[in-house]
Amino acid sequence: MTAAQYGDWNVLAAKARYGINGWGNGYFDVNERGEVVVLNPLNKAAPPLSLLDVIGGLRDRELQMPVLLRIENIIDQSIRQLNESFRAAIGRAEYRGGYQGVFPIKVNQQAQIVEEVAQFGAQYGHGFEVGSKPEMIAALSSMAQGEGLLICNGYKDQEFIDLSLQAVKLGIRCFLVIESPAELPIIIERSKALGIAPFIGIRAKVISTIGGYWNATSGDRSVFGLSASQIIQVVDTLRANKMLDCLQMLHCHLGSQIPNIRDVRGGVSEACRYYADLCREGAAMGYIDLGGGLAVDYTGAHSQDGQSRNYSLQEYCEDVVDTIMATLDGYGLDHPTIVTESGRATVAYSSVLLFNVVDVARFEALPIAAPAEGEHELIRNMRDIQDYLQPKRVQECYNDAHFYRDEVRELFKRGQIGLRMRAVAENLFLEVLSQIKEVLAGMEQVPSDLENLEASLADIYYGNFSLFQSLPDSWAIDQLFPVMPVQRLDEYPDRRTVLADITCDCDGKIDRFVSDHGFESTLPVHSLNSGEEYYLGVFLVGAYQETLGDLHNLFGDTNVVSIRLNEDSSFEFVKEIQGDTIADVLGYVEYQTWDLKLRYRNRVEAAVKSGRISARERQEMLNTFDASLRGYTYYEKEHQSLLSSATAVAEGRAEAAPVLL
Ligand SMILES: *Cc1c(COP(=O)(O)O)cnc(C)c1O
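An account of the accompanying structure is given in this report.

What counts, and where the lines are drawn
- Residues numbered from 1 in each chain as written.
- Predicted model: local features only at pLDDT ≥ 70, side-chain atom pairs only at ≥ 80, totals over all residues.
- Heavy atoms only, no water.
- Helix = DSSP H or I, 4+ residues; strand = E, 2+ residues; numbered from the N terminus.
- Buried < 20%, exposed > 50% of the residue type's maximum accessible area, 1.4 Å probe, protein only.
- Contact = heavy atoms within 4.5 Å.
- Near = heavy atom within 4 Å.
- Polar contact = N/O pair within 3.5 Å; in protein donor to acceptor, adjacent residues only side chain to side chain.
- Areas by Shrake-Rupley, 256 points an atom, 1.4 Å probe, with all protein chains shown as cover.
- Salt bridge = Lys/Arg side-chain N within 4 Å of Asp/Glu carboxyl O.
- Axes fitted to C-alpha atoms, helices over the stretch in contact; angles between N-to-C directions.
- Parallel < 35°, antiparallel > 145°, perpendicular 65-115°, else oblique.
- Nonpolar A, V, L, I, M, F, W, Y, C, P; charged D, E, K, R; others polar.
- Pairing = 2+ DSSP bridges.

### So, the environment of Thr 547
Relative to the helices and strands, Thr 547 is located in helix α19 (residues 545–548). Take Thr 547: its relative accessible area is 44%, and that puts it in the partly exposed class. Sequence-wise, Thr 547 and Val 117 are 430 residues apart; in three dimensions their C-alpha atoms are separated by 17 Å. Excluding its chain neighbours within four sequence positions, the residues that come into contact with Thr 547 are Gln 109 and Gln 110.

### Focus: the site of the ligand
As a structural note, the neighbourhood of the ligand is formed by 16 residues, with Lys 106, Ser 256, Glu 341, Gly 343 and Tyr 544 the closest of them. One nitrogen or oxygen atom from the main chain of Gly 343 is found 2.7 Å from an oxygen atom belonging to the ligand. Contact distances for the ligand include 2.6 Å between an oxygen atom and a side-chain N or O atom of Tyr 544. Calculation on the ligand without its partners gives an accessible area of 380 Å², and the protein chains cover 93% of this total.

### A closer look at the pattern of salt bridges
Proximity of charged atoms lets side chains of opposite charge pair with each other. For the coordinates displayed, the defined rule picks out 36 salt bridges. Residue Arg 564 is joined to Asp 76 by a salt bridge in which the shortest nitrogen-to-oxygen separation is 3.2 Å. Of this pair, Arg 564 sits in strand β22 (residues 559–565) while Asp 76 sits in helix α4 (residues 72–93), and the two are 488 residues apart along the sequence. For Asp 76, a relative accessible area of 7% translates into the label buried. Between Lys 509 and Asp 511 there is a salt bridge, and its shortest N-O distance comes to 3.7 Å. Looking at Asp 511, the relative accessible area reads 33%, which means it is partly exposed. One continuous salt-bridge network, built from bridges that share partners, spans Glu 72, Asp 76, Glu 116, Arg 564 and Lys 575.

### Quick look at the packing of helix α13 (residues 377–388) against helix α14 (residues 394–413)
The geometry of α13 relative to α14 is characterised by a closest axis approach of 10 Å and an angle of 170° between their N-to-C directions. Relative to α14, the element α13 lies roughly antiparallel. Contact residues: Leu 378, Asn 381, Met 382, Ile 385 and Tyr 388 in α13; Glu 396, Cys 397, Asp 400, Ala 401, Tyr 404, Arg 405, Glu 407, Val 408 and Leu 411 in α14. Taken together, the residues of the contact of α13 with α14 break down into nine nonpolar, one polar and four charged.

### Examining the pairing of strand β16 (residues 495–500)
The element β16 is extensively covered by neighbouring structure, given that six of its six residues are classed as buried. Side-chain alternation along β16 places Arg 495, Thr 497 and Leu 499 on one buried face and Arg 496, Val 498 and Ala 500 on a second face that is also buried. Examined bridge by bridge, strand β14 (residues 459–463) and β16 share four bridges and lie parallel to one another. Counted as the bridge partner of Tyr 462 is Ala 500 from β16.

The values are spatial; any link to function lies outside them.
Okay, here's the thing in structure tokens:
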């Protein structure tokens, strides 16, 4: 690891170090002042927008951290690029069908996102995919007039089917995709009863194996889709009811975040085989829906690792178009309208989680006191390690330090030494380890036992956020999101850290980061400057994170702010949603605000009665209680002098934090 050191560090080094050129996808960059910026999607020549300017605007509006920042233009730009890339691929291949995208609502159901997709997508006939009645209602009421498709997946009861048939009557091309044979009789019965011919799709189980993180949605045991024999049953039933002309779509979903383009091609060509034979059976057909799967390059490595992708958007579109064309031309069939349900790639880039650092724990020794008269032998031994610490004996020194420290702990447990001596030993131990770390830095070959030493001595930066609320996939499935400081990137990041959230849950941490050489267990950051906030951003969090989040420790929804850039890179705060108050989250778990207040009032009043507090103190307590209920669930800083105690507190935390080696 030869990272640029103090001397040759600059903004270019920072960009490489945090990999922003890779995962930023033309949306994010670092400016010459060392701040993370949003490139203007409307105008490449316009100056980029610094996230620090956005943070300044949030501060002026008294919108507290953490904030989920949405950049509406990025949603627009993703939809534009998806549609235009397909159009270009279709033009280049002289494909004789069109492309119509749909946005799968489950990926981000927030009304503001759905509205933005509906409004901007209308010009491309970009529609929606829904998997439940609530999503159906959201889509039906948000969709703009126009050509957009509405694709209904999921298990559908009569009410769901009625909603869909009525949408058809309204002029919406609303497809009922059959996921289970049980749906068909209801569809036939309801369409006859209502006198509306349905648009029917069949969801096929595609068995091509798909590599990557989210691959369980395809294959034989997939819970979705019809087997070959079930498809034949559906076709025969439709034929018997003279409804084969309603069967117009083959649907499949290969899986989410498909990292390898070869798997996309394999899946598409299998889907085409289903499509061709349904044509041969006499179904009207005309649409082939390939579901989601277009991946996001979270690491920026452009590889077939599960959190990356080895293809560009343009290659994806070209491969889909070419594969369909090559397969169906072989059967002399017309080219169908291509539908995809890209969710992740459409909204991931548009949201950034911003938070400040509230505290730091450092694993460093306090100044070492001179040897005391009659010092315990173990302590003397620990001091002596420094005398033989050299590259050749580094492993031995490391083992000795552990041995003496563990002996001291043992004696403490048995009551043979006191807390003071234990503290001296622990402090010396940290000192020896940091000296070993320095020796290792100059060595070519590091003993394998010691490879993780740097990580185990890393700081802990405590971020003002809840992993469970804002980054659930980071906790649940170890998904990587790019994380980096949003300021001071022209300065050498002199510290290494892991990130902990403020839930006090040992799972509430991030200890895997994207870097220029793959993954790392620590993040380079700057020492905090006293009196100055230090902000970090977690990027690419617009897909799947918002509705999966939970109320761990009762941290609620964060503040959400949407901005929109103008052509000259001025920007507007177009929407804001206040995060949950403490009363809100308590309400979610069935506490009534009035009842809480009443109980607390009774308790405080009783204290007045017994003479424990005065009536005036009573009022102060009730005011604090009231203000708390109305306040934000996260760490609020206004009354706090910043970072005055950062390192002092840090020493106290060191013991409680993850065990050293
Ligand atoms: C989840 C899902 C999608 C979205 O997949 P992405 O990989 O996010 O694009 C599309 N279609 C169906 C049926 C899904 O279940």
